[in-house]
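Listed below, chain by chain, are the residues.
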Amino acid sequence: LEGAENIEVSVSSVLGNYNAEGKVSITPTNPKIVFYEKDPVRGIKYNEAITDGFLMQKSAMVITALPYFFSALPGSSDLKYGWLINNSAIATPETPNNLTIKVGSGSGNQAKIALSIESLFKIFQTASVSALLNIQQ
């Protein structure tokens, strides 16, 4: 609820021969969530976020959701996760920010994945995201 915070620091050597100072302004921003594919060998593919139209070419994949600008770390018990697949709520996975998607027989050509995250202790820390996956079988 505050505006920008201005931080200033000045340092000097013990003898006073060297001095330096710096300033920075930190502006609060809204929390957000980004989906990434988690490869079993290479890990999280940070170079390509999963957004609408993402082409799923595998029979299974793990989607990792990373919450940015929250005061708690991903997977923390301080965060409440609410996953949806095709607008239907599902149980929160054991690792709450990793969702395994498997294409079953009779699956359609698309799947909508959605997630909302809220902090249990910081009232204004909440965010949601969704992505429409194009399934190529």
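Residues numbered from 1 in each chain as written. Predicted model: local features only at pLDDT ≥ 70, side-chain atom pairs only at ≥ 80, totals over all residues. Heavy atoms only, no water.

### Focus on the packing of aromatic side chains
All told, the structure shown has three aromatic pairs when counted by the stated rule. Summarising the aromatic geometry, the rings of F35 and W83 are spaced 5.8 Å apart at their centres and angled 15° between planes, so their arrangement reads as stacked. Linking F35 in strand β3 (residues 32-39) with W83 in strand β7 (residues 79-85), this pair joins segments that are 48 residues apart in sequence. Judged on exposure class, the residue F35 and its partner W83 are both buried. (Phe/Tyr/Trp six-rings, centres within 6.5 Å; stacked < 30°, edge-to-face > 60°. Helix = DSSP H or I, 4+ residues; strand = E, 2+ residues; numbered from the N terminus. Buried < 20%, exposed > 50% of the residue type's maximum accessible area, 1.4 Å probe, protein only.)

### Observations concerning the pattern of salt bridges
Evaluated as defined, the whole model comprises three salt bridges. With a shortest N-O distance of 3.9 Å, K58 and D39 are connected by a salt bridge. Of this pair, K58 sits in the loop between β5 (54-56) and β6 (60-68) while D39 sits in strand β3, placing them 19 residues apart in sequence. What you see here is one network of salt bridges that share partners, running through E37, D39, K45 and K58. (Salt bridge = Lys/Arg side-chain N within 4 Å of Asp/Glu carboxyl O.)

### Observations concerning the nonpolar core
Judged by nonpolar contacts, the single largest core of 22 residues is most densely connected at F35, I50, I63, W83, I113 and L115. Mapped by element, the contributors of at least two residues to this core are β3, β5, β6, β7, β9 (98-102), β10 (110-119) and β11 (126-135). In terms of residues, this core owes the most to one element, β11, which gives four residues. In this structure I50 touches F35, Y36, E37, M61, I63, A131 and L133, once residues within four positions along its chain are discounted. (Core = buried A, V, L, I, M, F, W, Y, C linked by side-chain atoms within 4.5 Å. Contact = heavy atoms within 4.5 Å.)

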